[in-house]
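# Overview (structure and organization)
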Amino acid sequence: MRIEISHKFVLGFVVVVGSIVFLDYLVPVLGFIPQSMQQFVSTLGALLVGLVFGWIFSKAFTSNIGILTTGAERLSHGDLSRTLKLRKGLVSDETEDLADSLNLVVDNLRKVVGKIRTTSVRVNESSQGLSASAEEMTATSHEVAGAIEQISRGAETQAEMVEKVSRVIRDLAGSIEQITASSQILALSSAETTKTAKDGGQLTDTALEKMKLVLSDVEGNSRQMVSFSEHVQKIGTIIDVITGIAQKTNLLALNATIEAARAGEYGQGFAVVAEEISKLADSTSASAGEITRLIDTTRDESLRVHQSMLDSVRAIDAGRGAIDSTSGVFRAIIEKAEDAQGKAHKITALTEQQNKNATEIVAAIEEISRVAEDNAAGTEQVSAATEEQSAAMEELTYASQKLAQLADELLTTVSRFNLGSDAEAPA
Amino acid sequence: MTQILPFTLGAERYALKLTSIQEVVDGAQLHYLPVTPATFLGAINVHGQVVPVVDLPLLLGFDPAPVCQRFLVLSPQILSLALAVHQLESVINVDLQHLALMQSDEPQNCIAGVVHWHEKMINLLDLEQVGHIIETQLK
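Conventions and cut-offs
- Residues numbered from 1 in each chain as written.
- Chains lettered and ligands numbered in written order.
- Predicted model: local features only at pLDDT ≥ 70, side-chain atom pairs only at ≥ 80, totals over all residues.
- Helix = DSSP H or I, 4+ residues; strand = E, 2+ residues; numbered from the N terminus.
- Contact = placed C-beta atoms within 7 Å.
- Buried ≥ 20, exposed ≤ 12 C-beta atoms within 10 Å, placed from the backbone.
- Core = buried A, V, L, I, M, F, W, Y, C linked by C-beta atoms within 7 Å.
- Expected span 1.5 Å × (residues − 1).
- Pairing = 2+ DSSP bridges.
- Axes fitted to C-alpha atoms, helices over the stretch in contact; angles between N-to-C directions.
- Parallel < 35°, antiparallel > 145°, perpendicular 65-115°, else oblique.
- Left-handed = near helix turned anticlockwise from the far one by under 90°.
- Nonpolar A, V, L, I, M, F, W, Y, C, P; charged D, E, K, R; others polar.
- pLDDT = per-residue confidence, 0-100.

### Focus: the overall build of chain B
Looking only at helices and strands, chain B has 2 helices and 12 strands in total. Here the analysis covers contacts within chain B between residues at least 6 apart in sequence; of these, 48% occur between residues at least 24 apart.

### Looking at the overall build of chain A
In terms of regular secondary structure, chain A is built from 4 helices and 0 strands. The secondary structure elements of chain A, listed N-terminal to C-terminal, are α-α-α-α. For chain A, the residues scored as buried account for 13% of the 427 residues in total. Long-range contacts, defined here as pairs at least 24 residues apart, represent 86% of the contacts in chain A between residues at least 6 apart.

### Topic: unusual backbone geometry
Residues and elements named next belong to chain B. One non-glycine residue, Val-35, adopts positive backbone phi at about 50 degrees. As for its placement among the helices and strands, Val-35 is situated in the loop between β3 (21–26) and β4 (40–46). Its 5 C-beta neighbours within 10 Å are what place Val-35 among the exposed residues. Backbone geometry places Glu-119, a non-glycine residue, at a positive phi of 65 degrees.

### Quick word on the interface of chain B and chain A
On the chain A side, the residues contacting the 8 residues of chain B number 7 residues. It is β3(B) that provides the largest number of residues to the side of chain B that touches chain A, a total of 4 residues.

### Let's talk about the nonpolar core
Considering soluble globular proteins, one finds that nonpolar side chains tend to be buried as a cluster. Counting 45 residues, the largest nonpolar core has B:Ala15, B:Leu72 and B:Leu83 as its most contacted members. Of the residues forming this core, the biggest block, 6 residues, is contributed by helix α3 (residues 94–263) of chain A. Once residues lying within four places of it in the same chain are set aside, the contact partners of B:Ala15 are B:Ile4, B:Leu5, B:Pro6, B:Phe7, B:Val115, B:Ile122, B:Leu124 and B:Leu125. Of all hydrophobic cores here, the second largest spans 6 residues; its members include A:Leu80, A:Val113, A:Val414 and A:Phe417.

### Some thoughts on helix α2 (residues 35–76) of chain A
Side chains of residues three or four places apart in an α-helix project in the same direction, reflecting 3.6 residues per turn. Residues and elements named next belong to chain A. For α2, spanning 42 residues, the distance from its first C-alpha to its last is 60 Å, which sits close to the expected 62 Å at 1.5 Å a residue. The secondary structure elements touched by the buried residues of α2 are α1 (5–30) and α3. Remark: Gly-78 follows α2 within two positions and exhibits a positive phi of approximately 85 degrees.

### Regarding the environment of A:Gln38
All names here are of chain A. The topology assignment puts Gln-38 in helix α2. Looking at Gln-38, the number of C-beta atoms within 10 Å reads 17, which means it is partly exposed. Sequence separation between Gln-38 and Tyr-25 is 13 residues, and the spatial gap between their C-alpha atoms is 10.0 Å. With residues near it in sequence (within four places) discarded, Gln-38 still touches Val-27, Pro-28 and Ile-33.

### Some thoughts on the pairing of strand β5 (residues 49–55) of chain B
Residue and element names in this part refer to chain B. Two elements, β4 and β5, share 6 bridges in a ladder whose sense is antiparallel. Counterpart to Val-46 in the pairing with β5 is Gln-49. Counting the residues in the hairpin turn of β4 and β5 gives 2 residues, including His-47, whose phi is positive at 50 degrees. In this structure, β5 lies alongside strand β7 (residues 82–84), joined through 3 bridges in parallel fashion. Looking at the pairing, Asp-55 lines up with Ala-84 of β7.

### Looking at the packing of α2(A) against α3(A)
Two numbers describe a pair of packed helices, the interaxial angle and the distance between the axes. Residues and elements named next belong to chain A. Viewed as axis vectors pointing N to C, α2 and α3 meet at an angle of 15 degrees, and their least axial separation amounts to 10 Å. For the element pair α2 / α3, the angle class is roughly parallel. As α2 packs across α3, the resulting crossing turns out to be left-handed. Facing α2, whose interface residues are Asn-64, Ile-65, Leu-68, Gly-71, Ala-72 and Leu-75, α3 presents Thr-95, Leu-98, Ala-99, Leu-102 and Val-106. Each residue belonging to the contact of α2 with α3 can be placed in one class, and the counts come to 8 nonpolar, 3 polar and no charged.

### Re the environment of A:Gly342
The topology assignment puts A:Gly342 in helix α4 (residues 268–414). Owing to 12 C-beta atoms within 10 Å, A:Gly342 belongs among the exposed residues under this scheme.

### As for the sheet that holds β3(B)
All names here are of chain B. Judged by pairing direction, the sheet is mixed, and its 5 strands sit side by side in the order β3-β6-β7-β5-β4 without closing on themselves. Two strands bound the open sheet, and with one partner strand each, they are β3 and β4. Averaged over all neighbouring strand pairs, the angle between strand axes comes to 30 degrees, with direction disregarded.

### Some words on the confidence of the model for chain A
A residue-level look at chain A finds 98% of positions with pLDDT of 70 or above and a mean pLDDT of 84. A low-confidence stretch, residues 423–427 of chain A (pLDDT under 50), is modelled with 7 contacts involving residues beyond four sequence positions or located in other chains.

Next comes the structure, spelled out in structure tokens:
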């Protein structure tokens, strides 16, 4: 049964006033109390009732209030370990509501503080983790900064190398152009060689024909020389005859002289004639001998001429062989020169292609150079960003340390609340 | 002046008077004469008469050089012989009054005298001694 406090007070007053009124009626009825005493007894009785009720009421009231006060004091000291327990009266009133409300407050506070404690511990842990991570990240970003610096240096080296490669390729392109020019000159030269070799071939052919003509002339001359030798031989024979006749004439003249001498005076004139005949015969003999000597000389010379003609024929034959060989050599030269011309043309075409390729390579190298420069710029930006990041990381580290500190402070603050054994989860 | 016909025997020059020669024959065929000394080359036919041919260089002890094909046929009044010599020369006219005669105590040298002709010395052959030598050989 529930009676509110105000109603309790009203009820008490009603009970006290009623008891006074009742006692007023009761005492005279009782009879054994003198008249004079009756007033007194009723008053006394009323006072007693009032005292009894008042004591009971105040007792019940103050005890609950005391419990509540104690509970509120505990609460004010942060003790959330216990709940309020009121003594159960016959009738309940607002103090129980108050106690319930306080218990609810304690309960909620305990939950909240427990939550805060757990959370702040976690925040602490997390912020420490965060701090560690931030330090790691700082270290990492330092490493990244170092790596970026290396990359930056690498990019510079790359740029230098690209520049070098570019120069080399330009030189190469220049060389290729020179090769192109040279191979064009080579092609022209080999064309000239071909032409010259063809001219040479024609000349050797002409020389061969002339050589054949000379050979046939020499052979004709040789035949003529043989015929001439035969004629000279015939002359020799004739001269032999003449010589024989001259000798015979000489002998006749001699015998005529002998006869004339034997005839003495009569043979004088005959002796003169015989002497003249002898002189003629001697002269004839001398001339014939001269002719014979000339014939011998001529024969020797014609033999030598014949021999030298034979030598000439052999030499011309050898020359013909040599010219034939030369002609073959010229044909080989023409072939080689034409081959060389074709190859030179090929080289020209290839070097032109190479030249084009080299130009493309130069363009590509320039593109690479631009990209490398962009890379270097990008790397510098990245480096700057990394430094910023590094600074931010340090700030983050500082902030996370600060956060851990705050979480510690919060934990310290919250640890004023005693939550009892059921909520002693965090360490 | 006398006409003589010089000829050579080895390096020496000899000669005969033209009047002691009948004829000079050329290329006459030599016929072998059996049982005759080595100085007899053979015999030739001169106008129907057989005349023996004597190798004069061999007879007089000169080098046996090849003899000339012309033989000197001597006058039959002097010697019926033909002489083979090394080489015949042309007839010359000499003055035999300047003939240097050989000493008579050495008749075996067959030289009747020496004639100087253009600073050359020509021995005149002594046919009588030659005939004696041949007769001596034939005995």
